[in-house]
Amino acid sequence: MSDTRRRVKVYTLNEDRQWDDRGTGHVSSTFVERLKGISLLVRAESDGSLLLESKISPNTAYQKQQDTLIVWSEADNYDLALSFQEKAGCDEIWEKICQVQGKDPAVDITQDPIDESEEERFEEIPETSHLVELPPCELGRLEEIADLVTSVLSSPIRREKLALALMSEGYIKKLLGLFRVCEDLDNREGLHHLYEIVRGVLFLNKAALFEVMFSDDCIMDVVGCLEYDPSLVQPKRHREFLTKTAKFKEVIPITDSELRQKIHQTYRVQYIQDIILPTPSVFEENFLSTLTSFIFFNKVEIVSMLQEDEKFLTEVFAQLTDEATDDSKRRELVNFVKEFCAFSQTLQPQNRDAFFKTLANLGILPALEIGMDDLQVRAAATDIFSYLVEFSPSMVREFVMQEPQQTDDDVLLINVVIKQMICDSDPELGGAVQLMGLLRTLIDPENMLASTNKTEKTEFLSFFYKYCMHVLTAPLLANTAHDKSSKDNFQTAQLLALILELLTFCVEHHTYHIKTYIMNKDLLRRVLVLMNSKHTFLALCALRFMRRIIGLKDEYYNRYIIKGNLFEPVINALLDNGTRYNLLNSAIIELFEFIKVEDIKSLIAHIVDNFYKALESIEYVQTFKGLKGRYEQEKDRQSQRLNRYRRDARSLDEDEELWFNDDDDDDDGEAVEKRMEDDFSDSYGKYMETALVDKLCCTLFGCDGWTLSSSHLPSSACLIGPWPASATR
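Residues numbered from 1 in each chain as written. Predicted model: local features only at pLDDT ≥ 70, side-chain atom pairs only at ≥ 80, totals over all residues. Heavy atoms only, no water.

Our next topic: empty space enclosed by the protein. Within this structure, the stated rule accounts for 1 cavity of 30 Å³ or more. The space that makes up the largest cavity amounts to roughly 50 Å³. Listing elements by their share of the lining of the largest cavity, those giving two or more residues are α5 (171–185) and α6 (188–202). Residues belonging to the lining of the largest cavity are distributed by class as follows: 7 nonpolar, no polar and no charged. (1 Å grid on protein atoms, 1.4 Å probe; cavity = no way out; pocket = protein on both sides within 12 Å on 5 of 7 lines; lining within 4 Å. Points joined across faces, edges and corners; volume = space filled by probe spheres on them. Helix = DSSP H or I, 4+ residues; strand = E, 2+ residues; numbered from the N terminus. Nonpolar A, V, L, I, M, F, W, Y, C, P; charged D, E, K, R; others polar.)

Take a look at the structure:
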């Protein structure tokens, strides 16, 4: 059994100042020859691979936080953290780090990175000078304390020494006691000084101070101090919001007092960071990194504690799936699960997988179907659906295909999501964009697991096109019912653009299903109505849809386009655009250039025959002259082939005639042979005419070779002997 004391999670801080989980393993400290020093090594518990190899540098500042965290920076923008399963393991590695650096393990930070000038400035400070000397904690000294706290923020060494001083003799609690006195006396000057002091203490960025300030008996006084910003005419009322407006709702009673306290603390600290504290300046952007870490690891702990409480989750889902649950209670339950899923994003990958599997086993997807008539429930359920799709598209697909098929397709979960996308009230359609991405993930064959379920792609796409596609395309078909857009406002154009983007994705990845749908609904014609939109981006989306279809070089699509004369709206848009050199102009010309370069003969012939007169005046590109040239070349080639086959047939007849004429057999045989000659020539001529037509048809329609079957043969072919059932050349 592995030593749990050394079990750790490795985290790195990303550019958004969020901690990314790099995996779980076991840590050791050992001498590494390549690095020439004692190093921290973390090997993954899953496969033994090396997750971390970091030399313990004498000049690196290591911080110990919350008894189970060690945090340090290896470069200017590369922060690392080890989160230990047990305190004993953290203490063991901390002692090794302090031993290498020659520090006392009792400290929570080994040293701070300082620049050269600062090092010179403090190099002569005596070793006995460990602390900044704090003034007595009295009302008359608040201004002096505030000046001291503000002055040390620019110096890493002085920040560290001030933090150590504040931790001694319960100084923080004494300051908060003065806050209550100042508030009772309405001493605004003292309250303004306390605001500066508390804000400065937070910017010291020390986890040990946070543990004191965010404890149950201190945190509301900290919030109170931060209400009295000197720049405000009237103080804010943050405590009133936290105690009266923000109600803690227990959808299911939480019996674990430690868990309850952790939830309260996390919410209040998050409120301090997001609402109370001003946006840090460029010089303060790293001052609150430890506060971010404090919140992050609190969330990890909350999710873990809730997940381990099987009775709690079972009760949540029992009430959620009970149709007798009243609407207000259901809203609370769904919102709780949504927040639970949001917190789960802090878990490491394997724990997050286990979390979502637990939700799936408890029946999260069936639970989302109930109460969808309520707008709040529907919005929260859609957010939960997003997390589930991101976790396992196959699991969601399997569920939606097993839903009972109602006469009203709107009750299907996936259709609820589509309607949520279509009905997004945001003018910029931010939610609709997110949901469109989820739908694309669901219908993407690339993430359909063929190895485990070979029929998933076929079954799900058949289901989607039968029960869901009409819901997705409804706004598009409704808006183009009369060969012109019934609505052309900005929000409608944005929505139609999103739908077209998804349909374009289908053309590229679904082939058969989308082809059948386009043909049956005459969808391309309806899409090209949008070429007349006043919103150029929508016209471009319609053009992109057609371009993707033509890009497949599928003759079924080509014949559909030719039969419907579907180039007309595109060419009209080009001509209406005039001489403007813009994206629409370039995109349309690229479409015709592609047809020319790829030599799509049927489309070239259709364009030249029907539209060349309108296009021949466009001379700033050679595209249309090139199409005409391709067209003429093909006509010449077909003419030459036709003449060649006719000439070959006549030559053969003449050779046969000479052969018979030169025969020296007796006169009695001449009559018989003459009849054979006539019959043969007649039959062979008919055969050559038929074969020539077959060859010409294959050439015109782009066949690579040509095949003769029994249906191609002339009825008199038996005169020249038995012919195979089929012959291929």
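Let's shift gears to the side chain of H193. Considering the arrangement of structural elements, one finds H193 in helix α6. Judged by its relative accessible area of 17%, H193 falls in the buried class. Sequence-distant contacts of H193, that is, excluding residues within four places in its chain, are made with L142, E143 and A146. (Buried < 20%, exposed > 50% of the residue type's maximum accessible area, 1.4 Å probe, protein only. Contact = heavy atoms within 4.5 Å.)

What follows is about the nonpolar core. For soluble globular proteins, nonpolar side chains are generally found buried alongside one another. Counting residues in each nonpolar core, the largest one holds 135 residues, and the members touching the most others are F464, I518, L524, I550, F567, F592 and I595. Ranked by residue count, the leading element in this core is helix α22 (residues 490–510), at 12 residues. Core analysis: the second largest hydrophobic core is formed by 52 residues, A146, V152, Y171 and L242 among them. (Core = buried A, V, L, I, M, F, W, Y, C linked by side-chain atoms within 4.5 Å.)

All right, on to the pattern of salt bridges then. Scanning all chains against the criterion turns up 27 salt bridges. As a salt-bridge pair, K262 and E301 come within 3.6 Å of each other at their nearest N and O atoms. Of the two residues, K262 sits in helix α10 (residues 257–276) while E301 sits in helix α11 (residues 289–308), which places them 39 residues apart along the sequence. Take K262: its relative accessible area is 13%, and that puts it in the buried class. Across the salt bridge formed by E598 and K553, the nearest N and O atoms sit 2.8 Å from each other. One end of the pair, E598, is in helix α28 (residues 583–598); the other, K553, is in the loop between α25 (536–551) and α26 (555–563), with 45 residues separating them in the sequence. (Salt bridge = Lys/Arg side-chain N within 4 Å of Asp/Glu carboxyl O.)

Once that is clear, we can look at a nonpolar patch on the surface. A contiguous nonpolar patch, built from L139, V181 and L185 and spanning about 250 Å² of accessible area, is present on the exposed surface. With respect to the helices and strands, the residue L185 is situated in helix α5. (Patch = residues over 30% accessible without salt bridge, like charges linked within 9 Å, V, L, I, M, F, W, Y side chains within 5 Å. Areas by Shrake-Rupley, 256 points an atom, 1.4 Å probe, with all protein chains shown as cover.)

The next subject is the confidence of the model for the protein chain. Confidence in the prediction of the protein chain, expressed as mean pLDDT, is 81, and 82% of residues score 70 or more. For the protein chain, per-element mean pLDDT is lowest for strand β8 (residues 707–709), which scores 36, and highest for α25, which scores 96. For residues 113–130, every residue scores under 50 in pLDDT, and the model assigns this stretch 15 contacts once sequence neighbours within four places are set aside. Predicted confidence for residues 662–677 stays below pLDDT 50, and this span has 6 contacts to residues more than four positions away or in other chains. (pLDDT = per-residue confidence, 0-100.)

Attention now moves to unusual backbone geometry. Positive phi is not limited to glycine here, since T511 has a value of about 45°. Topologically, T511 is positioned in the loop between α22 and α23 (512–521). Owing to a relative accessible area of 45%, T511 belongs among the partly exposed residues under this scheme. You will see that N565, though not glycine, has its phi angle at about 55°, which is positive. Position of N565 relative to the elements: it lies in the loop between α26 and α27 (568–577).

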